[in-house]
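Read off the chains here:
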Amino acid sequence: METAGYLPALRRETDAFRGCLLGDLTAPVAHCGSWTLHDLAGHLGAGNQRAVTAVTARHPGNRFPAAPREPAALLRWFDRHAAALFEALDTDPAAPAWTFHPPHTVGFWQRRRCLETLVHRWDAQHALGGVPGAFDPELAADGIAEVFDTFAPRQIAVGRAAAPRRAVLVEATDTGSSWTYGPGAPAAAVTGTAGELLLMLWGRLPAGHQGLAWKGDRDAGCAVLRGPLVA
């Protein structure tokens, strides 16, 4: 995805997430352990603060104050840190920044915060019981690419996952994009829309979701994708 598209997409997804904060903040978030919507807002807001520190101070930052419990105060807190994030990221994507994986640039955070907010916007809408809004296919496809070019290698590097012994082919039907993860010829292939595939890789949809189609050795393919690929 072109880097110029990240900030508009981030703003759109941030606004959609913020809208969820007008709902029931005690709603459980199905795919985030014991978190409530309030906890998810705290997570996203703290992540925004860390990204600002990574860009402006070039280090990951330390602990940040917890998000307020009172709904109106939470909105103000979230808005303040979102505004700081947009200000910090509105610069040359090639500018240096601290990151937890290459490239060590502002562009890394433009992409990362955009894709993080995309998935958690889905989480928030799902938590409130509605039908989450569709993903932009190009953005979702970039999210799949990020899983394989950033998160999966990092999981291996820090010892959370072993390098795959077999390969799986992942194909997005709506963008024509494809990714092969693992060595050698793919033992299996899975196809679906970019949005469905991204949600599967992030554990929001099961591998057997009706929108996904498998060919080859599905068990082997699922074993590769269990990784764990993402943190």
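Up top is the structure.
Below is a short write-up of the structure.

Definitions and cut-offs
Residues numbered from 1 in each chain as written. Predicted model: local features only at pLDDT ≥ 70, side-chain atom pairs only at ≥ 80, totals over all residues. Heavy atoms only, no water. Helix = DSSP H or I, 4+ residues; strand = E, 2+ residues; numbered from the N terminus. Rg over C-alpha atoms; globule rule 2.2 N^0.38 Å. Buried < 20%, exposed > 50% of the residue type's maximum accessible area, 1.4 Å probe, protein only. Axes fitted to C-alpha atoms, helices over the stretch in contact; angles between N-to-C directions. Parallel < 35°, antiparallel > 145°, perpendicular 65-115°, else oblique. Contact = heavy atoms within 4.5 Å. Nonpolar A, V, L, I, M, F, W, Y, C, P; charged D, E, K, R; others polar. Core = buried A, V, L, I, M, F, W, Y, C linked by side-chain atoms within 4.5 Å. Pairing = 2+ DSSP bridges. Polar contact = N/O pair within 3.5 Å; in protein donor to acceptor, adjacent residues only side chain to side chain.

## Here's the deal with the overall build of the chain
Step number 1: A count of helices and strands for the chain gives seven helices and four strands.
Step number 2: From first element to last, N terminus to C terminus, the chain shows the α and β order α-α-α-α-α-β-β-β-α-β-α.
Step number 3: Since a compact globule built from 231 residues should have a radius of gyration of about 17 Å, the 18 Å found for the chain is in line with a globular shape.
Step number 4: Seen through its principal axes, the chain has C-alpha atoms that stretch 50 × 40 × 30 Å.
Step number 5: The buried share of the chain, taken over its 231 residues, is 50%.

## Quick look at the packing of helix H1 (residues 6-20) against helix H3 (residues 71-89)
Step number 1: At their nearest, the axes of H1 and H3 sit 12 Å apart, and the two run at 175 degrees to each other. It follows that H1 is roughly antiparallel to H3 by the angle criterion. Contacts between H1 and H3 involve Leu7, Leu10, Arg11, Thr14, Phe17 and Arg18 on the former and, on the latter, Leu75, Phe78, Asp79, Ala82, Leu85, Phe86 and Leu89.
Step number 2: Its residues placed into classes, the contact of H1 with H3 shows nine nonpolar, one polar and three charged.

## Some details on the nonpolar core
Step number 1: The biggest cluster of nonpolar side chains holds 54 residues, and the ones touching the most others in it are Ile144, Phe148, Leu225 and Leu229.
Step number 2: Broken down by element, the residue count for this core peaks at nine residues, all from helix H5 (residues 137-157).
Step number 3: Setting aside its immediate chain neighbours within four residues, Leu225 contacts Phe148, Val168, Val190, Met200, Leu201 and Trp214.
Step number 4: Listed in part, the 18 residues of the second largest apolar core include Phe17, Ala27, Leu74 and Leu75.

## Remarks on the side chain of Arg112
Step number 1: Mapped onto the elements, Arg112 comes out in helix H4 (residues 106-127).
Step number 2: Exposure remark for Arg112: the relative accessible area of 5% places this residue in the buried category.
Step number 3: In this structure Arg112 touches Phe100, Glu146, Phe151 and Trp202, once residues within four positions along its chain are discounted.

## Regarding unusual backbone geometry
Outside of glycine, negative phi angles account for most residues, and trans bonds account for most peptide bonds.
Step number 1: Here the residue pair Pro102 and Pro103 is connected by a cis peptide bond, since its omega of 0 degrees sits within 30 degrees of zero.
Step number 2: As for its position among the elements, Pro103 is in the loop between H3 and H4.
Step number 3: In this chain, Gly227 is followed by Pro228 through a cis amide linkage whose omega measures 5 degrees.
Step number 4: Tracing the backbone through its elements, the reader meets Pro228 in the segment after helix H7 (218-226).

## A word on the sheet that holds strand E1 (residues 167-172)
Step number 1: As summarised here, the arrangement of the four strands in space is E2-E1-E3-E4, forming an open sheet in which the pairing is mixed. The outermost strands of the open sheet, each flanked by one partner alone, are strand E2 (178-181) and strand E4 (213-216). Each strand of the sheet is rotated relative to its neighbour by a mean of 15 degrees, with strand direction disregarded.
Step number 2: When strand E3 (residues 186-192) meets E4, the two strands line up antiparallel, connected through four bridges. The partner of Thr191 across the bridge, within E4, is Ala213.
Step number 3: Against the sheet, helix H6 (residues 194-201) touches E1, E3 and E4, its axis set at about 125 degrees to E3.
Step number 4: H7 rests against E1, E2, E3 and E4 of the sheet, and its axis sits at about 110 degrees to E4.

## Looking at the side chain of Glu116
Step number 1: Here Glu116 shows up in helix H4.
Step number 2: A polar side-chain atom of Glu116 sits 3.0 Å from a polar atom in the side chain of His43.
Step number 3: Only 2.6 Å separates the side chain of Glu116 from the side chain of Arg112, close enough to count as a polar contact.

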